[in-house]
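Architecture at a glance
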Amino acid sequence: MSEAKRLAGEKAIEYVEDGMIVGVGTGSTVAYFIDALAGIKDRIKGAVSSSDQSTERLRSHGIEVMDLNATGPLSLYVDGADECDPHKRLIKGGGAALTREKIIAEASRTFVCIIDPSKRVDVLGRFPLPIEVIPMARSLVAREIVARTGGQPVWREGVVTDNGNLVLDVHNLSITDPVGLEADLNQVPGVVSVGLFARRGADVVIVGGEPPTLL
Ligand code: 5RP
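Residues numbered from 1 in each chain as written. Predicted model: local features only at pLDDT ≥ 70, side-chain atom pairs only at ≥ 80, totals over all residues. Heavy atoms only, no water.

The name given to the protein chain in an unreviewed UniProt entry is Ribose-5-phosphate isomerase A, and the organism recorded there is Marilutibacter aestuarii. Taken directly from UniProt, the Subunit (unreviewed entry) text for the protein chain runs: "Homodimer." Under the Function (unreviewed entry) heading, UniProt states for the protein chain: "Catalyzes the reversible conversion of ribose-5-phosphate to ribulose 5-phosphate." (UniProt positions renumbered as here; feature names shortened; annotations may be inferred.)

Here is the structure:
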């Protein structure tokens, strides 16, 4: 699948315009995008990064990483996904960067999602849904998830997010109302972010292939 990821990442460069500050997601597909961005780095102002991992890769290419508070709204955000449905609603957070990813997606006019074909599903939920939680609320949130969804939350042990929080992965969901579930889980005290990008999904999805296709 890495060839498909590379093709998707490179195609996304077509959305970058001169003088832009580019929002940059996290993951192995985004790594290809960052490497391609390096080839046109003199044409952009810089990037806003969604993770320490992406920040490191951007800086290694000499791309300036900027603070979202200083840049204001962005024109473009490019990020991967763990699942994508036909309405361009996503599950994200496999790399535990969901909160910052969600913030940058919200701040951006256009969200271009880059995926390989294995990420496409008819109904979200085969990939366990990541939820970032405040450490002291881990058990409380897990109980609430069982009660509200019937899914099985599993603590991603050993993982601490860039924000110092924990991740629960919720298994056995079939998410027929992603917008409703996102809103519902966001109400639970201790939940920082839900890895459903449904209310604000992607605007464009690039599926890597020869040639890449657009959703
Ligand atoms: C990180 C993410 C990633 O976009 C998602 O996990 C996809 O990763 P990859 O491109 O490595 O398959 O949401 O939190």
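A separate point is the sheet that holds strand 10 (residues 191-194). Spatially, the 4 strands line up as an open sheet ordered 8-9-7-10, and their pairing is antiparallel. Each end of this open sheet is capped by a strand with a single partner; those strands are strand 8 (152-155) and strand 10. Within this sheet the neighbouring strands show an average axis-to-axis angle of 30°, counted without direction. Of the strand pairs in this sheet, strand 8 and strand 9 (residues 166-171) are connected by 4 bridges, and their pairing is antiparallel. (Pairing = 2+ DSSP bridges. Helix = DSSP H or I, 4+ residues; strand = E, 2+ residues; numbered from the N terminus. Axes fitted to C-alpha atoms, helices over the stretch in contact; angles between N-to-C directions.)

Now for helix 7 (residues 178-186). Think of an α-helix as turning once every 3.6 residues; residues three or four places apart then point the same way. Every buried residue of helix 7 is accounted for by Pro 178, Leu 181, Glu 182 and Leu 185. Buried residues in helix 7, looked at end-on, bunch into an arc of 100°, giving them a common side. Contacts from the buried residues of helix 7 go to helix 5 (98-107), strand 7 (129-133), helix 6 (138-149), strand 10 and strand 11 (196-197). (Buried < 20%, exposed > 50% of the residue type's maximum accessible area, 1.4 Å probe, protein only. Arc of directions from axis to C-beta. Contact = heavy atoms within 4.5 Å.)

The next thing to look at is the pairing of strand 3 (residues 74-79). Among the 6 residues of strand 3, 5 are classified as buried, and the element is accordingly described as predominantly covered. In terms of strand pairing, strand 1 (residues 21-24) meets strand 3 through 3 bridges, oriented parallel. Within the sheet, the bridge partner assigned to Val 22 lies in strand 3 and is Leu 76. As paired strands, strand 3 and strand 6 (residues 108-115) are joined by 5 bridges and run parallel to one another.

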